[in-house]
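Observations on the model geometry
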Amino acid sequence: MGIFSTKDDWRPPQRPDCACHEHLEDVLTLVIPSQDWDEDPTFEQLLATGSLGVRPVNAKERFMTVFDEEQNESQLGPLHWGMWAADEIYGCYDDDAELPVDRSIAARPGVDLVEWYDREEFLIGAPGLCESGMLAAIARALQDPRVRA
């Protein structure tokens, strides 16, 4: 964990000025395997639960000061999006999977870094993605079978 500091003046891009490869409407019907649902939900159904979403990170949270085991300080960032994934989403990925969900998100086009901040919150560096594109990247990350044990 670390301490947040204030930096830069990034604002979420808007269409058509974003760098997204896909947008939310492209992934709403994707089926996301989940061990917690009777029938695997679509990404649209997952969003409808309110247990998954993104928000722009405010400027005070854009950079984190992190410390390693020897207490050496470094900056992590810039961070642009906060993602929360609560109860109904847990069955869509496994903490001990071959490909951790944070690495799956980080592998998506336009995503520079992902910090798994706590069980339910991820901080994501993706300056060129709009909100819709960020959600599409998350859908593709959750669809990857390697994020489940």
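In case you missed it, the structure is sitting above this.
A brief structural summary. Predicted model only: the values in this text are computed from it and were never measured. (Residues numbered from 1 in each chain as written. Predicted model: local features only at pLDDT ≥ 70, side-chain atom pairs only at ≥ 80, totals over all residues. Heavy atoms only, no water.)

1. With respect to the pattern of salt bridges
To keep it simple, the criterion reads: Take a side-chain nitrogen of Lys or Arg and a carboxyl oxygen of Asp or Glu: if they are within 4 Å of each other, that pair is a salt bridge. Here a strand is any run of E in DSSP of at least two residues, a helix any run of H or I of at least four, and the numbering for each starts at the N terminus.
Tallied over the full model, the rule gives six salt bridges. Its salt-bridge partner being Glu-121, residue Arg-55 comes within 3.3 Å of it at the nearest N-O pair. Of the two residues, Arg-55 is situated in strand S2 (residues 52–56) and Glu-121 in strand S7 (residues 121–125); the sequence distance between them amounts to 66 residues. Here the residues in one salt-bridge network are Arg-55, Glu-61 and Glu-121, joined through shared partners.

2. Things to note about the packing of aromatic side chains
Stated precisely, the cut-off is as follows: The pairing test for Phe, Tyr and Trp rings, Trp by its six-membered ring, is centres within 6.5 Å, and the orientation test on the planes gives stacked under 30 degrees, edge-to-face over 60, and tilted for anything in between. For the exposure calls, accessible area comes from a 1.4 Å probe over protein chains only, and a residue counts as buried if that area is under 20% of its type's maximum, exposed if over 50%, partly exposed in between.
Overall, the coordinates contain four aromatic pairs when judged by the stated rule. Aromatic pair Tyr-93 and Trp-116: ring centres 6.0 Å apart, planes at 70°, arrangement edge-to-face. Taken together, the residues span a long stretch of sequence, with Tyr-93 in the loop between strand S5 (81–85) and helix H3 (101–106) and Trp-116 in strand S6 (residues 113–118) at a distance of 23 residues. Classification of Tyr-93 as buried rests on a relative accessible area of 3%. Since its relative accessible area comes to 23%, Trp-116 is described here as partly exposed. Geometrically, the ring pair formed by Tyr-93 and Phe-122 is edge-to-face, given 6.4 Å between the ring centres and 80° between the ring planes. Of this pair, Tyr-93 sits in the loop between S5 and H3 while Phe-122 sits in strand S7, and the two are 29 residues apart along the sequence. Residue Tyr-93 shares its accessibility class with Phe-122, and that shared class is buried.

3. Describing the sheet that holds S2
To keep it simple, the criterion reads: The criterion for strand pairing is that DSSP finds at least two bridges linking the strands in question. The axes are straight lines fitted to the C-alpha atoms, using for helices just the contacting stretch, and the angles between their N-to-C directions are given from 0 to 180°. Residue contacts are defined here by distance: any two heavy atoms, one from each residue, within 4.5 Å place the two residues in contact.
The strand order across the open sheet built from four strands is S2-S5-S7-S6, with neighbouring strands paired in antiparallel fashion. On the outer flanks of this sheet lie S2 and S6, each paired with one strand and no other. For this sheet the average axis-to-axis angle between neighbouring strands, irrespective of direction, equals 20°. Running at roughly 140° to S2, helix H4 (residues 131–143) makes contact with S2, S5 and S7 of the sheet.

4. Notes on H4
Side chains of residues three or four places apart in an α-helix project in the same direction, reflecting 3.6 residues per turn. We count it as follows: Helix span, as expected, comes to 1.5 Å for every residue beyond the first.
With 13 residues, H4 should cover 18 Å at 1.5 Å per step; its first-to-last C-alpha distance of 19 Å lies within 8% of that length. Along H4, 10 of the 13 residues are buried, which leaves the element largely enclosed by surrounding structure. Burial in H4 covers these residues: Ser-132, Gly-133, Met-134, Leu-135, Ala-136, Ala-137, Ile-138, Ala-139, Ala-141 and Leu-142. Those residues of H4 that are buried lie in contact with helix H1 (24–27), helix H2 (43–48), S2, S5, H3 and S7.

5. Quick notes on the pairing of strand S4 (residues 73–76)
Pairing between strand S3 (residues 63–67) and S4: four bridges, direction antiparallel. Looking across to S4, one finds that Phe-67 is bridged to Glu-73. Counting the residues that bridge the hairpin from S3 to S4 gives five residues, and of these Gln-71 lies at a positive phi of roughly 65°.

6. Description of the environment of Arg-146
Among the structural elements, Arg-146 can be located in the segment after H4. Residue Arg-146 is classed as partly exposed on the basis of its relative accessible area, which comes to 40%. Distance from Arg-146 to Trp-10, taken between C-alpha atoms, is 33 Å for residues 136 residues apart in sequence.

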